[in-house]
Amino acid sequence: MAKAAREELLLPLARNGPVRLVEQVVNGLAQLIERGVLRSGERLPSVRQFAESHGIGASTVVEAYEHLVARGLLVVRRGAGFFIAAKGASLAPVPAFTAPEPVIDSAWLLSEMFADERVPIKAGCGWLPGKWLDDEGLHQAERRIIRSPGAQQVGYGHPYGYAPLRQIIAQFLANWSLEVSLDQVLTSHGATQALDLIIRTMTKRGETVLIDDPAYCNLVAMLRMADLNVIGVPRTPTGVDTEALELLARTHQPKLFFTSSVLQNPTGTSYTPACAMRVLQAAERHGFWVVEDDIFRELGQPTDPMLAALDGLQRVIYVGSYSKTIAPSLRLGFIACQRDLARQLVHTKMVLSLTNSEINERLVHSVLTEGHHRRHVENLAASLLSAQARVNAKLTETGLTPFTTPRGGMFSWATLNGCSMSAREIADRARQKGIWLAPGEFFHLSPPQQPWFRFNVAYAEADALYDFFRTL
């Protein structure tokens, strides 16, 4: 039989202290439970009794009791009240997980690398350090969202995405001379989902698509999972090899060409205006769509051409993202395209994942409109350009050859001269020295003859990285 409630229970509470009353009640009761003053199976005073005896609001007591239930220190019995949980019922710490030694391959880069914290020098990773991101803008946006009415924080969002955010996206595109209406813009769960929606909506098994070579490794994996015939177009320091594009398009009649116009991942290269025009002319001649993966646009140069703007979205589907300039945790991307195609993409999106998180969309909208983001992006672009110049200089001194001169962005792409080992073998050796490298094999459709590596310039200034390459 359960023990009677401890009606004489009284905690010392400081009503004007720095610690909230809820936290004081939680901490006080937790200490009594841990010391054994309150024993397993004992019933606590009712919410009303506890509130009256301590001179506090009933809502404060309810919140404190629920905190203790969530921590496993209390159990609630419907109609009877709150009871001290049995010993050992509280939430135990999660035991440490010892992961096996990683194998440096594309599967590790796509999945395990995000959770593997054992390697201190992350020279091959694909994200920015937290201190480089717009944490202050995000915190301000979070505070604004918390103060918003509860009705704005629950329920599904709009299939196309949060309308005020889509309006901001339309304004951004207008700055590049691309005029779009709201029904030509839809949001996605990051740029990666945007690419997946396009693949699922516009291709059938066995069809041919073209892709930058090297290219974003996730995109390569997605296209192969869709059982498409994937053919690479060589990437050059000025964009893509347009002669090769012309020949491949004439020979294979591709459905889509996936390319990055600005600060491409992994090479860090951008299109010249001449390259952009030749790509669009080839698309018109041979009837293929161009998917412009343009997530680094804000970090590029004002003169970098935008394919979608030059084409007016006649044959270009535009993909953008805020992961690199605000925070990757928000997972917010978008697509701009022809109106009819947008409707098809929204249908695919709703079938696969329903709507985006509108809370995330409101956070991004708040960051973009509070007035700090433009300055943050300017500072970030300048910091990355400076870091890239320093990294390229160190790579050259160490015996590697950068693919191109610094243009900004997150990545430098370089090859190691006079080495008989493959890039993957070198990456495995580097891991044993505490260094993450991203070998070129992850980004090419077939293994390159030379050992290429992608370097994240925000992580690639550690002396140990260059000492390692000197030993080779």
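See the structure above.
Residues numbered from 1 in each chain as written. Predicted model: local features only at pLDDT ≥ 70, side-chain atom pairs only at ≥ 80, totals over all residues. Heavy atoms only, no water.

A. View of the overall build of the protein. Looking only at helices and strands, the protein has 16 helices and 14 strands in total. With 472 residues in all, the protein has 53% of them scored as buried. By element, 53% of the accessible surface of the protein is carried by carbon and sulfur atoms, the whole surface being about 21900 Å². (Helix = DSSP H or I, 4+ residues; strand = E, 2+ residues; numbered from the N terminus. Buried < 20%, exposed > 50% of the residue type's maximum accessible area, 1.4 Å probe, protein only. Areas by Shrake-Rupley, 256 points an atom, 1.4 Å probe, with all protein chains shown as cover.)

B. Focus on the pairing of strand 1 (residues 74–77). Where strand 1 and strand 2 (residues 81–84) come together, four bridges link them in antiparallel fashion. Bridging across to strand 2, R77 finds its partner in G81. The loop that links strand 1 with its antiparallel partner strand 2 comprises three residues; one of these, G79, has a positive phi angle of about 85 degrees. (Pairing = 2+ DSSP bridges.)

C. Local environment of unusual backbone geometry. Cis peptide bonds are those with omega within 30 degrees of zero, and the linkage from D213 to P214 qualifies with 10 degrees. Following the sequence through the fold, P214 ends up in the loop between strand 4 (208–213) and helix 8 (217–225). Omega for the bond connecting N265 with P266 falls within 30 degrees of zero, at 20 degrees, which places this linkage in the cis form. Following the sequence through the fold, P266 ends up in the loop between strand 7 (256–259) and helix 10 (273–286). Even without glycine at this site, L313 takes up a positive phi of about 60 degrees. With respect to the helices, strands and loops of the structure, L313 is situated in the loop between helix 11 (307–311) and strand 9 (316–321). Given a relative accessible area of 2%, L313 falls into the buried group. Look at R331: it is not a glycine, yet its phi comes out positive at around 45 degrees.

D. Inspection of the pattern of salt bridges at higher detail. Scanning the entire structure with this criterion turns up 20 salt bridges. For the salt bridge of R48 with E52, the shortest nitrogen-to-oxygen distance reads 3.3 Å. Of this pair, R48 and E52 both sit in helix 2 (residues 47–54), separated by four residues, roughly a single helical turn. For the residue pair R48 and E52, the accessibility class agrees, reading exposed in each case. A salt bridge links R297 to D294, with the shortest nitrogen-to-oxygen separation between them at 2.6 Å. Exposure class is identical for R297 and D294. Each is buried. Each of the salt bridges in this network shares a partner with another, and the network as a whole consists of R20, E23 and E63. (Salt bridge = Lys/Arg side-chain N within 4 Å of Asp/Glu carboxyl O.)

E. Region of the structure containing the sheet that holds strand 13 (residues 438–439). Pairing in this open sheet of four strands is antiparallel, and the strands run 11-12-14-13 from one edge to the other. Single-partner strands in this sheet number two, and they are strand 11 (400–402) and strand 13. Across two bridges, the pairing between strand 13 and strand 14 (residues 452–456) is antiparallel. Directly across from A438, in strand 14, lies its bridge partner R454.

F. Examining empty space enclosed by the protein more closely. One pass over the full model with this rule turns up four cavities of 30 Å³ or more. Taken as a whole, the largest cavity encloses approximately 80 Å³ of empty space. The wall of the largest cavity is formed by F172, D294, I295, F296, R297, E298, Y318, G320, S321, Y322 and F334. Here the lining of the largest cavity gets three residues from one element, more than from any other, and that element is strand 9. A breakdown of the residues in the lining of the largest cavity according to their chemical character gives six nonpolar, two polar and three charged. (1 Å grid on protein atoms, 1.4 Å probe; cavity = no way out; pocket = protein on both sides within 12 Å on 5 of 7 lines; lining within 4 Å. Points joined across faces, edges and corners; volume = space filled by probe spheres on them. Nonpolar A, V, L, I, M, F, W, Y, C, P; charged D, E, K, R; others polar.)

G. Main features of the sheet that holds strand 8 (residues 289–293). Spatially, eight strands are ordered 3-10-9-8-7-4-5-6 in an open sheet, and the strand pairing comes out mixed. Among the strands making up the open sheet, the edge pair consists of strand 3 (185–188) and strand 6 (239–240). Two strands pair when backbone bridges link them, and strand 9 and strand 10 (residues 333–336) are joined in this way by four bridges, in the antiparallel orientation. In the strand pairing of strand 10, Y318 is matched with A336. Running over the sheet, helix 12 (residues 339–353) touches strand 3, strand 8, strand 9 and strand 10 and is turned about 25 degrees from strand 3. (Contact = heavy atoms within 4.5 Å. Axes fitted to C-alpha atoms, helices over the stretch in contact; angles between N-to-C directions.)

H. Spatial organisation of the environment of A462. Assignment of secondary structure puts A462 in the loop between strand 14 and helix 16 (463–471). A462 sits in the partly exposed class, given a relative accessible area of 25%. Separated by 341 residues in sequence, A462 and I121 place their C-alpha atoms 7.3 Å apart.

I. Structural view of the packing of aromatic side chains. Going through the model one piece at a time under the given rule, you end up with 14 aromatic pairs. Ring geometry for F50 versus Y65: centroids 5.9 Å apart, planes at 70 degrees, classification edge-to-face. Highlighted residues: F50 in helix 2 and Y65 in helix 3 (residues 58–70), separated in sequence by 15 residues. Exposure class is identical for F50 and Y65. Each is buried. Taking the centre distance of 5.9 Å and the plane angle of 90 degrees together, the rings of W413 and F443 count as edge-to-face. (Phe/Tyr/Trp six-rings, centres within 6.5 Å; stacked < 30°, edge-to-face > 60°.)

J. Molecular detail of helix 7 (residues 190–202). Taking 1.5 Å of rise per residue, 13 residues should cover 18 Å, and helix 7 covers 19 Å from first to last C-alpha, within 8% of that figure. Judged by how many residues are buried, helix 7 sits mostly within the fold: eleven of 13 residues are covered. Residues of helix 7 that are buried: G190, A191, Q193, A194, L195, D196, L197, I198, I199, T201 and M202. (Expected span 1.5 Å × (residues − 1).)

Read these as geometric descriptors, not functional statements.
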